[in-house]
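What follows is the residue order along each chain.
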Amino acid sequence: MSSATARSSNAGRKNRAPLAITLISVGVLVVLFFIFASFYSDFLWFQQLGYTSVLTTQWIATVVMFVIGFIAMSVPVWGALQLAYRLRPVYAKLNSQLDRYQELIEPLRRLGMWGIPILLGLFAGFSAATSWETVLMWLNATPTGQTDPQFGLDASFYLFSLPFYREVLAFASAVILLSLICTVAVTFLYGSIQLLGRELRISKAARIQIAVLAGVYLLIQAVSVWVDQYLTLTETGSLITGASYTDVNATIPTRAILAGIALFVAILFFVTAFIGRWRLPIVGTALLLVSALLIGSAYPWVIQRFQVEPNERALEQPYIERNIDMTRDAYGVSDVKEVDYDATTDAESGALRSDAETTASIRIMDPDLISATVTQLERFKTYYQFAPELDVDRYTIDGEVQDAVVAVREMNQDGVKDDLSWFNSSLVYTHGYGLVAAYGNQRSSDGEPVFMQSGIPSTGVLGDFEPRVYFGENSPTYSIVGGSTGGKDVELDYPSGESGETYTTYEGNGGPKLDNVFNKLVYALKFQSEQIFLSDNVTSDSQILYDRDPRQRVQKVAPYLTLDSDVYPSVVDGRIVWIVDGYTTSNSFPYSKTTSLSSAISNEEGNQSFLLDDINYMRNSVKATVDAYDGSVTLYAWDDKDPILQTWQKIFPSTVKPISEMSGELMSHVRYPEDLFKVQRDVLQRYHVTDPNKWYSDSDLWKTPADPQAQEGSNALQPPYYLSMQMPGEDHPAYSLYSTFIPGGGGASSVLAGYLSANSNAGSESGTVADSYGTLTMLRLPKDTTVPGPGQVQNAFNSDPQVSNLINILKRGQTEVLNGNLLTLPVGGGLLYVQPVYVQSTGETSYPLLQKVLVAFGDKIAFEDTLDEALDKLFGGDSGAEAGDQNVADGESNTPTPPEDTGDGDSGEQTPDTPEAPSADLAEVLAEAQQAMQDKQAAMEAGDWAAYGEADKRLNDAISKALELING
């Protein structure tokens, strides 16, 4: 009976075995197909975009490096194991414990002999695969033409060769060390090494193998220590980055000596392999360790402690000078134009006459505050949205350059409804519509922005352009477009017309096509949506759009770039394009200060992270554009002399276009990048000082002032601002980026110490960058004149009795007061501060309205309804120039033009009404104005600002009606 049971059990196991194998095979195939689908979808994405070579180069390089790493690790380890086993003594007498170990291991010996090398090879292969960039950069290295001041080597050695040599040496050390460990383990287990009492016996074969491996390992260490000499030029010490006096006179020589000792000990191990005496290499190894301790560590410490520290200033002077020169060059600040600016603090009448163009361009619309205003006026439907912080650009209108605050109206599927169906989310609500632009220096009579481009359909002064936004910073994860069924448009275009909505069909080439069953299956798996595969609405003409964020698209096609955190839209050549600044960075430039990129570019620490965060070299090497309609990515070599960019162009040829192919209209919208400017101002806080002795004493440290608008307890820094202004000594205003400095160090005051600006006007000529673009100008304020800094000015604004009383009136009722960006301009022979003041009610649909402007010059302050009035009051009744808002009182209605009939739609919000026709009786209108004036005065006396604002609006409306009747 038991025999039958056993046979039945065996039969059951045999029957289950094929099923188990089948299930495992199916599971493996499914996993492999998912992996394949991921790779294939990436290939389709890059192919559609025209950057297939970028992806295939990465794939090929990764695979080749994996194979090299796998072979380089597994073959030596396998060879070491095989030699140690095959050359074991056949009749060795082992102790009982080793016998037991052999009995346990012997059944697994063959598996271990192959499995251990394969396992180690896999780890090594994956590690090597991540180093493909380092290897390709070494193979395609481009000389810089600049040599280091210590060894006289081209800087490309540190940028490209040294990182490669270090990785090769580290990898080789790991291979030999693991081979040595495996050899010792096998020889000991099989009796080639025996410990008999106090006597250690090693067979000849084991001796040769171990000695040779140890000699090779020490030989690699000798080379590694020798190479470490060059690392001193990129290491950060207590004083500078780069080789200091101690490094040059102690560390570098001792590393060369240690390399020689390590080489000598390696030779002793090779000799031992043949003569069989271990005493010499053992003594040599002990000598190496003692030498590393004494001359490698103790000697440099003695030099630093007893020779350098008592005379540090004199001894370190030439090395500080090296650090200053190389740092300023690495960050592109070596050619800063320094101007001693003897700023006056007296606000005299007519002082702004010579700065009339700058005054007319002062931006009073704060892009960080008016997003809610633009949203209320220009969204129209809740399925549209604007960025929480708008961007700044400029356009040429009637021959004059106008600063503008711009935003793209993007799709917001969360604003439709909670249970949005797959059909609606994927095929209907696919894109945003239009770009909104407001004059930076103008406001309407009620404090709203004055739009140069607005509405749906888009109207304004920017001309005709493609308004649809399929690719943006807030686009849906994926959309399926272009595949209309039966000729019917299904993609919601914009709300208008009698039906309430207008529909369209995508006609661009923006994504991979879903023109076959296999592609549909791949993307159904990628996005885990069976509808992509099953839906009849997905036709052979359909395209799938994904990875739609402009920064993400540029990063994928140019993986070697670090991208600017601020991507901005512009209307260029009839299209909305996103402009992205790309940087090449390194942490291997000799003698250059190491800077934390995330800390330098963030207004508040800890907001961003980068793959390479600690850098000591940075160039704005690439300007990129992403078309908002078809997602096409174009890269332009902005700094074609950058050796890192030249190296990557060899790796990815034909992916970056020369600057000569950039259109004049695009050229007029590129700007000096903000992140690069922030890094440069961070460096210049100390490196504006070029005298080594003065630099060492830290007597002229600067720092970036705190943001006056930051909340209490915040460590946010004041951000740089874009403005059109004329710097002292220049003939014409230029679109610029600026920042200020105050004295640094503990307990320093907050007076203004410096003013840094970067010319951001690249011109408008096709393929030619204006000579003045990128010019950095540093204004040095006199130490004997107290010019208030931003913090002091903000404090003066807040504490001024007259200003405080007016602010308190504005705050009464259901309103709050918001201070805009505090701008600083070098005009009138001094520094002018301008701050717009917004009022916002506390209602659910409220938005900020510009009501007042604060200005300061020296110790004088003015607070008026318009910038023009404030400047006149500040400068003795006549500033000598007009601001851009001088015609506010006569301003036209700024109510945006809504779609013809939005219907109930989905928004649930009201479009601003157009003004009603005025009364035909002028006397009645004047009576309304008189009553409004009385109500306004009464409200002001009572401190009821809500009633004050309502009366003020009625007064303005009545005046407008009266003017129309008079002029009509």
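Bear in mind the structure is a predicted one, so any value in this text is a computation, not a measurement.

Residues and numbers for the confidence of the model for the chain, please.
Scored by pLDDT, the chain comes out at a mean of 86, with 87% of its residues at no less than 70. When the criterion is pLDDT under 50, residues 900-920 qualifies, and its contacts beyond four places in sequence or with other chains add up to 37 contacts.

Just give me the short version of the side chain of Asp581, but keep the residues and values in it.
In this fold, Asp581 is placed in strand E19 (residues 575-586). Overall, the relative accessible area of 2% leaves Asp581 in the buried class. A polar atom in the side chain of Asp581 sits 2.5 Å from the side chain of Lys623. Excluding its chain neighbours within four sequence positions, the residues that come into contact with Asp581 are Thr562, Leu563, Asp564, Tyr568, Asn620, Val622, Lys623, Arg671 and Pro673.

So what about the sheet that holds strand E10 (residues 449-454)? Which residues, and what values?
The strand order E5-E6-E9-E10-E11 describes an open sheet built from five strands, whose pairing is antiparallel. Two strands lie at the open edges of the sheet, namely strand E5 (391-397) and strand E11 (459-460), each paired on one side alone. Bridge analysis of strand E6 (residues 400-408) against strand E9 (residues 435-443) gives five bridges, and the strand direction is antiparallel. Across the sheet, Val406 pairs through a bridge with Ala437, a residue of E9.

Describe a nonpolar patch on the surface, and please don't skip the residues or the numbers.
A contiguous nonpolar patch, built from Ile24, Val28, Leu29, Val31, Leu32, Ile35 and Phe39 and spanning about 660 Å² of accessible area, is present on the exposed surface. Note on Phe39: relative accessible area 42%, which makes it partly exposed.

Give me the lowdown on the side chain of Arg671, citing residues and values where you can.
Note on placement: Arg671 falls in the loop between helix H20 (664-667) and helix H21 (674-687). Take Arg671: its relative accessible area is 3%, and that puts it in the buried class. A polar contact of 3.2 Å, which involves the side chain of Arg671, links it to the side chain of Tyr722. Among all residues touching Arg671, those that are not within four sequence positions of it are Val392, Arg394, Asp566, Tyr568, Asp581, Lys623, Tyr722, Tyr735, Ser760 and Tyr773.

The rules behind these values
Residues numbered from 1 in each chain as written. Predicted model: local features only at pLDDT ≥ 70, side-chain atom pairs only at ≥ 80, totals over all residues. Heavy atoms only, no water. pLDDT = per-residue confidence, 0-100. Contact = heavy atoms within 4.5 Å. Helix = DSSP H or I, 4+ residues; strand = E, 2+ residues; numbered from the N terminus. Buried < 20%, exposed > 50% of the residue type's maximum accessible area, 1.4 Å probe, protein only. Polar contact = N/O pair within 3.5 Å; in protein donor to acceptor, adjacent residues only side chain to side chain. Pairing = 2+ DSSP bridges. Patch = residues over 30% accessible without salt bridge, like charges linked within 9 Å, V, L, I, M, F, W, Y side chains within 5 Å. Areas by Shrake-Rupley, 256 points an atom, 1.4 Å probe, with all protein chains shown as cover. Salt bridge = Lys/Arg side-chain N within 4 Å of Asp/Glu carboxyl O.

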